[in-house]
Amino acid sequence: MSRQSRQSRQSGQSGWSGRLARRLTQLYGGLVLYGASSALLVRSGLGLEPWNVLHQGLAEHTGLSMGVVLTVVGAVVLLLWIPLRQRPGLGTVSNVLVIGAAMDATLSIVPDAHGWTLRIAAMVAGIVLNGAATGLYIAARFGPGPRDGLMTGLNRRTGLSVRLVRTAVEITVVVTGFALGGTVGLGTLLYAVSIGPLAQVFLRAFAVPPAPDGSTVVAAGQPRRAILRR
């Protein structure tokens, strides 16, 4: 092998390692931020994102922390991938394990917001940071979260649009969560109308350039279709 070929190969390996390190950093940084931002919405008391309405309601009735409930529900949803023939990636499993722990850790150190100024600030920060977290971990391309994979799987198996499937699933979890005592409010509405555009902006901001051969590492699915509203 010529010196030039060796240098080219070493350069390619270095570039691949750099991309992988960046993707892993984005994946886990995004998942931790997702859990922390969701905790801010809890502390605002002004309404949660749809699935967390359900998680909070279940936590009220089981005595478990929201983070533990989120992890358990994520694992149950992941089992539903089996009949849908969905394949999880590293990001899918990490989603189940990391977000709930990050949420509980944040809830343990961040108190409830008091007064409208602090409550609105916590709500807005939670929504914006959640959008950034979504862009971070999706752009890492390690596979969709369990709930997003459920929606894309149902889309493939039923032929219904992702938008219709997502709407039906999220209405179901919100209504169920609210009936169990979960918080629905202004934050829930603002989250619903803003998370798509926010995630789109942050997906572009955090996009990782593909490898020269276009390969990815343990990535699966097309989570963007499930998360973004167009």
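Nothing here was measured: the structure is a model prediction, and the numbers come from that model.

Definitions and limits used
Residues numbered from 1 in each chain as written. Predicted model: local features only at pLDDT ≥ 70, side-chain atom pairs only at ≥ 80, totals over all residues. Heavy atoms only, no water. Patch = residues over 30% accessible without salt bridge, like charges linked within 9 Å, V, L, I, M, F, W, Y side chains within 5 Å. Areas by Shrake-Rupley, 256 points an atom, 1.4 Å probe, with all protein chains shown as cover. Salt bridge = Lys/Arg side-chain N within 4 Å of Asp/Glu carboxyl O. Helix = DSSP H or I, 4+ residues; strand = E, 2+ residues; numbered from the N terminus. Phe/Tyr/Trp six-rings, centres within 6.5 Å; stacked < 30°, edge-to-face > 60°. Buried < 20%, exposed > 50% of the residue type's maximum accessible area, 1.4 Å probe, protein only. Lys NZ or Arg CZ within 6 Å of the ring centre and 35° of its normal. Contact = heavy atoms within 4.5 Å. Expected span 1.5 Å × (residues − 1). Arc of directions from axis to C-beta. UniProt positions renumbered as here; feature names shortened; annotations may be inferred. Axes fitted to C-alpha atoms, helices over the stretch in contact; angles between N-to-C directions. Parallel < 35°, antiparallel > 145°, perpendicular 65-115°, else oblique. Left-handed = near helix turned anticlockwise from the far one by under 90°. Nonpolar A, V, L, I, M, F, W, Y, C, P; charged D, E, K, R; others polar. pLDDT = per-residue confidence, 0-100.

### As for a nonpolar patch on the surface
Line of reasoning, step 1. Taken together, the side chains of L64, V68, V72 and V76 define a hydrophobic patch exposed on the protein surface, amounting to about 310 Å² of accessible area.
Line of reasoning, step 2. One can find L64 in the loop between α2 (50-62) and α3 (66-79).

### Details of the packing of aromatic side chains
Line of reasoning, step 1. Tallied over the entire structure, the rule returns 2 aromatic pairs.
Line of reasoning, step 2. Measuring from ring centre to ring centre gives 6.2 Å for Y34 and Y137, while their planes differ by 75°; the resulting arrangement is edge-to-face. Here Y34 is found in helix α1 (residues 3-44), whereas its partner Y137 is found in helix α6 (residues 116-139), with 103 residues between them in sequence. Comparing Y34 with Y137 shows no difference in burial state: the two are buried.
Line of reasoning, step 3. Between F202 and F206, the aromatic rings sit 5.9 Å apart at their centres with planes inclined by 10°, giving stacked as the arrangement.
Line of reasoning, step 4. Taking the ring centre of F142 as reference, the NZ or CZ of R23 above it sits at 4.2 Å.

### What about the environment of G185?
Line of reasoning, step 1. Take G185: it is sitting in the loop between α8 (162-179) and α9 (186-205).
Line of reasoning, step 2. In sequence terms G185 and G47 are 138 residues apart; their C-alpha atoms lie 4.2 Å from each other.
Line of reasoning, step 3. For G185, the residues in contact, after removing those within four places along its chain, are L46 and G47.

### Describing unusual backbone geometry
Line of reasoning, step 1. Of note, R85 is a non-glycine position whose phi angle comes to about 60°, a positive value.
Line of reasoning, step 2. Residue placement: R85 occurs in the loop between α4 (81-84) and α5 (90-109).
Line of reasoning, step 3. Take R85: its relative accessible area is 69%, and that puts it in the exposed class.
Line of reasoning, step 4. The backbone phi angle of R141 is positive, close to 60°, even though this residue is not glycine.
Line of reasoning, step 5. Topologically, R141 is positioned in the loop between α6 and α7 (146-158).

### Points about the pattern of salt bridges
Line of reasoning, step 1. Following the criterion strictly, the structure yields 3 salt bridges and no others.
Line of reasoning, step 2. A salt bridge links D112 to R43, with the nearest nitrogen and oxygen atoms 3.0 Å apart. One end of the pair, D112, is in the loop between α5 and α6; the other, R43, is in helix α1, and 69 residues separate them in sequence.
Line of reasoning, step 3. E170 is the salt-bridge partner of R166, the closest N and O atoms lying 3.0 Å from each other. Taken together, the positions of R166 and E170, both in helix α8 and 4 residues apart, correspond to about one turn of that helix.

### Quick word on α3
Line of reasoning, step 1. Here α3 spans 20 Å end to end across 14 residues, near enough to the 20 Å set by a 1.5 Å rise per residue.
Line of reasoning, step 2. Taken as a whole, α3 has its buried residues at M66, G67, V69, L70, V73, G74 and V77. With its buried residues spanning 155° around the axis, α3 presents them on a single face.

### Side note on the UniProt feature "transmembrane region" (unreviewed entry) in the protein
Line of reasoning, step 1. Under the feature "transmembrane region" (unreviewed entry), the UniProt entry names residues 20-42, 62-82, 89-110 and 116-139.
Line of reasoning, step 2. Helix makes up 81% of residues 62-82 and strand 0%. Its end C-alpha atoms lie 27 Å apart.
Line of reasoning, step 3. The distance separating the terminal C-alpha atoms of residues 116-139 is 34 Å; by composition the span is 100% helix and 0% strand.

### As for α2
Line of reasoning, step 1. With 13 residues, α2 should reach 18 Å at 1.5 Å per residue; the first-to-last C-alpha distance of 19 Å fits that figure.
Line of reasoning, step 2. Following α2 by one or two positions, G63 has its phi on the positive side, about 80°.

### Remarks on the packing of α7 against α8
Any two packed helices are characterised by how steeply their axes cross, that is the angle between the axes, and by the distance between the axes.
Line of reasoning, step 1. Close contact between α7 and α8 brings their axes to 9 Å; oriented N to C, the two are set at 125°. Taken as axis vectors, α7 and α8 run oblique relative to one another. Here the hand of the crossing between α7 and α8 comes out right-handed. Mapping the contact onto sequence places D148, M151, L154, N155 and T158 in α7 and V162, V165, R166, V169 and E170 in α8.
Line of reasoning, step 2. Partitioning the contact of α7 with α8 into residue classes produces 5 nonpolar, 2 polar and 3 charged.

### Considering the confidence of the model for the protein
Line of reasoning, step 1. Averaged over every residue, the pLDDT of the protein is 87; the share at 70 or more is 85%.
Line of reasoning, step 2. The model gives residues 214-221 a pLDDT under 50, and that stretch makes 22 contacts with residues more than four places away or in other chains.

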